[in-house]
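Secondary and tertiary structure notes
Read off the chains here:
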Amino acid sequence: MTINEIQEDIIEEFAGFEDWMDKYAYLIELGTDLSGLDAKHQTESNLIKGCQSKVWFNASLENGLVKLQADSDAIIVKGIAALLIRVFNNQTPQDIMNADLKFIDEIGLKQHLSPTRSNGLVSMVKQIKMYGIAFNHVSK
Amino acid sequence: MTIDIHKVRKDFPILEELIHGKPLVYFDNAATTQKPRQVIDKLTEYYYKYNSNIHRGVHYLSNKSTDGNENARIIVQNFIHAKHSHEIIFTSGATESINLVANSFGEKFIFEGDEVIVSELEHHSNIVPWQLICERKNAVLKVLPFNDRGELMIEKLDGLITERTKIIAVNHISNSLGTINPIRKIIEIAHAKNVRVLIDAAQSVQHKTIDVQDLDVDFLVFSGHKIYGPTGIGVLYGKEELLNQMPPWKGGGEMIAEVSFEKTTYNELPFKFEAGTPNYIDAIGLGAAIEYVESIGMVNIDSHEHELLEYATEKLLTINGLRIYGTAKEKTSVISFLVKGIHFYDMGMLLDQMGIAVRTGTHCTEPVMQHFGIDGTVRASFSFYNTKEEIDVLYNGIVKVCKMFAVK
């Protein structure tokens with residue numbers, strides 16, 4: 001599936017939730033289910049330290065596709081990280097580079113990605129894009 | 001007299017707001033308090049009718065604004081019972097007040113090998129300015145620790161003070177734990193050894209009556225916005241004899257007596273420390289806030305908030321897995337807590353969805369968090385306009401969050 005198709009899927013899924021509790025319960029579920037990061041990747045250099053929560057993030061390039069892993073100490077943050085991974089994992093660097101990230105706004109989670117909310121997610125999105133650019137350069 | 005809560009709440013327009021469609025429960029008062037109409041109206045009135053740059057103006061409006069500003073100074077003076085109105089310096093807030101003392105007092109009195117003592121319980125703004133001056137002067141920063149209840153280990157203070165100790169800077173009330181510190185005792189111990197004391201009263205002027213002469217404190221600082229006044233205005237109180245010895249910190253208009261390229265002489269107190277156009281309208285707003293607080297009565301405020309603290313503490317502790325950080329005997333209406341297995345960010349986000357405003361994180365007191373071995377807490381802080389019904393909403397909210405995490 002393309003990045004946009006996955007985003008459309010997520011938007012549709014969230015449209016089905018009747019109230020905020022369902023939405024957040026789902027994020028908690030996603031956060032709990034995300035396998036997180038292998039211990040060897042839980043390093044200081046993979047740590048994005050917000051003053052509210054921590055995010056560990058790792059990216060690699062395998063067979064021309066970007067592989068992403070993330071973890072967080074806050075479950076809701078981890079749940080949103082799981083959605084970001086669902087959108088960007090196994091995509092090509094070029095598609096990631098050119099992607100328009102729109103689902104976060106549309107499912108009403110924009111507040112978690114405001115630059116002033118230092119939960120690590122904004123930096124994670126920036127890093128995904130940076131890896132897209134870097135890997136695109138490498139694979140050329 | 002007790003507080004007429006319905007009447008009081010009507011004074012604060014923001015308390016009628018709906019957040020995510022639910023009535024606002026504002027429990028972030030230690031970060032900033034809401035403003036009563038009396039303050040908002042005063043600000044509006046001055047902008048509508050009297051605004052003009054103060055001091056040295058010859059026209060009607062300038063005199064009117066100047067009078068307002070200087071009257072506010074007298075209101076602050078009486079509020080903390082300072083001997084002179086010129087011992088009240090208007091700053092942008094407690095942080096700037098501490099920076100002023102650290103820089104100006106530090107410039108004059110702190111030298112290589114000297115010592116400054118702060119406590120482990122301080123807000124970063126009462127740590128970092130001292131670290132900066134200590135670094136610049138090759139002085140030493142020492143730390144008075146606290147015990148696991150969050151109480152300063154006052155018995156260790158005497159041993160920390162040496163003949164090189166120049167100043168002790170501690171808060172009156174801890175912003176993250178709510179501990180009320182024994183400042184009278186601290187000042188006595190310090191003065192017995194000729195050491196100066198700065199009290200950070202940012203978390204106490206809105207809860208407790210303060211008398212700087214009775215305390216014999218050398219410096220005392222607070223912020224306007226935490227006592228129902230505007231943001232961007234704060235106070236430094238300093239003893240006249242000390243302020244007179246201290247050099248100006250910032251240069252500019254208003255703080256000078258005469259300027260030439262060969263030599264500039266400085267204005268008298270308090271203007272020596274108020275360079276540039278002062279924030280006079282917010283100073284006037286602060287005056288209005290203090291008058292409002294006095295009309296409610298500090299004794300009434302203290303007793304209502306204490307009742308809320310006791311009610312909330314007892315109620316929240318019935319929640320399985322909830323731990324309160326900061327269990328000092330002497331406490332104000334601040335409850336820092338964590339529920340086992342639930343991150344403070346998650347708790348804060350979900351409570352927000354229910355219209356409940358709490359603060360999460362380190363509360364600018366990382367050493368306090370390090371003491372407890374945690375990354376942060378959820379902090380609910382109460383004001384006299386809060387009610388027991390609102391605490392019930394918080395209780396139900398936390399229980400709801402716990403349930404959401406239990407069914408994962």
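Residues numbered from 1 in each chain as written. Chains lettered and ligands numbered in written order. Predicted model: local features only at pLDDT ≥ 70, side-chain atom pairs only at ≥ 80, totals over all residues.

1. Description of the overall build of chain A
- Helices and strands together make up the secondary structure of chain A, namely six helices and three strands.
- N-terminal to C-terminal, the α/β element order of chain A is α-α-β-β-β-α-α-α-α.
- Projected onto its principal axes, the C-alpha positions of chain A cover 45 × 35 × 25 Å.
- Taking all 140 residues of chain A together, the buried fraction comes to 35%.
- In chain A, the share of contacts with a sequence separation of at least 24, taken over all contacts with a separation of at least 6, comes to 67%. (Helix = DSSP H or I, 4+ residues; strand = E, 2+ residues; numbered from the N terminus. Buried ≥ 20, exposed ≤ 12 C-beta atoms within 10 Å, placed from the backbone. Contact = placed C-beta atoms within 7 Å.)

2. Describing the domain arrangement of chain B
Residue and element names in this part refer to chain B.
- If you check the domain split of chain B, you get domain 1 (5-30 + 297-406) and domain 2 (40-294).
- The distance between the C-alpha centroids of domain 1 and domain 2 comes to 29 Å.
- Of the residues lining the interface, 22 residues belong to domain 1; the matching set on domain 2 comes to 21 residues.
- Elements represented by at least two residues in the side of domain 1 that touches domain 2 include exactly α11 (298-316), β14 (334-339) and α13 (366-372).
- Here the residues of the side of domain 1 that touches domain 2 are counted per class, giving nine nonpolar, eight polar and five charged. (Domains from an automatic or database assignment. Nonpolar A, V, L, I, M, F, W, Y, C, P; charged D, E, K, R; others polar.)

3. Digging into the interface of chain A and chain B
- The partner chain B presents twelve residues to the 16 residues of chain A that form the contact.
- When residues of the side of chain A that touches chain B are traced back to their parent elements, those giving at least two are α2 (20-33) and α3 (75-88) of chain A.
- Ranked by the residues each element gives to the side of chain A that touches chain B, the list is headed by α2 of chain A, at seven residues.
- Looking at the side of chain A that touches chain B, its residues break down into ten nonpolar, four polar and two charged.

4. Side note on the sheet that holds strand β5 (residues 115-119) of chain B
All names here are of chain B.
- Read across the open sheet, the seven strands follow the order β4-β10-β9-β8-β7-β5-β6; overall the sheet is mixed. Edge positions in the sheet fall to β4 (88-91) and β6 (140-144), since each has one partner strand and no second. Taking the axes of each pair of neighbouring strands and ignoring which way they run, one obtains an average angle of 20 degrees across the sheet.
- On the sheet, helix α3 (residues 60-80) packs against β4, β9 (219-223) and β10 (234-238) and is oriented at approximately 120 degrees with respect to β4. (Pairing = 2+ DSSP bridges. Axes fitted to C-alpha atoms, helices over the stretch in contact; angles between N-to-C directions.)

5. Considering the nonpolar core
- Judged by nonpolar contacts, the single largest core of 145 residues is most densely connected at I76 and A81 of chain A together with V221 of chain B.
- In terms of residues, this core owes the most to one element, helix α10 (residues 280-296) of chain B, which gives eleven residues.
- Composition of this core by domain shows at least three residues from each of domain 1 (5-30 + 297-406) and domain 2 (40-294) of chain B. (Core = buried A, V, L, I, M, F, W, Y, C linked by C-beta atoms within 7 Å.)

6. Here we look at the environment of V125 of chain A
Residues and elements named next belong to chain A.
- As for its position among the elements, V125 is in helix α6 (residues 121-139).
- With twelve residues separating them in the primary sequence, V125 and L113 have C-alpha atoms 8.9 Å apart.
- Excluding its chain neighbours within four sequence positions, the residues that come into contact with V125 are L84, L101 and L113.

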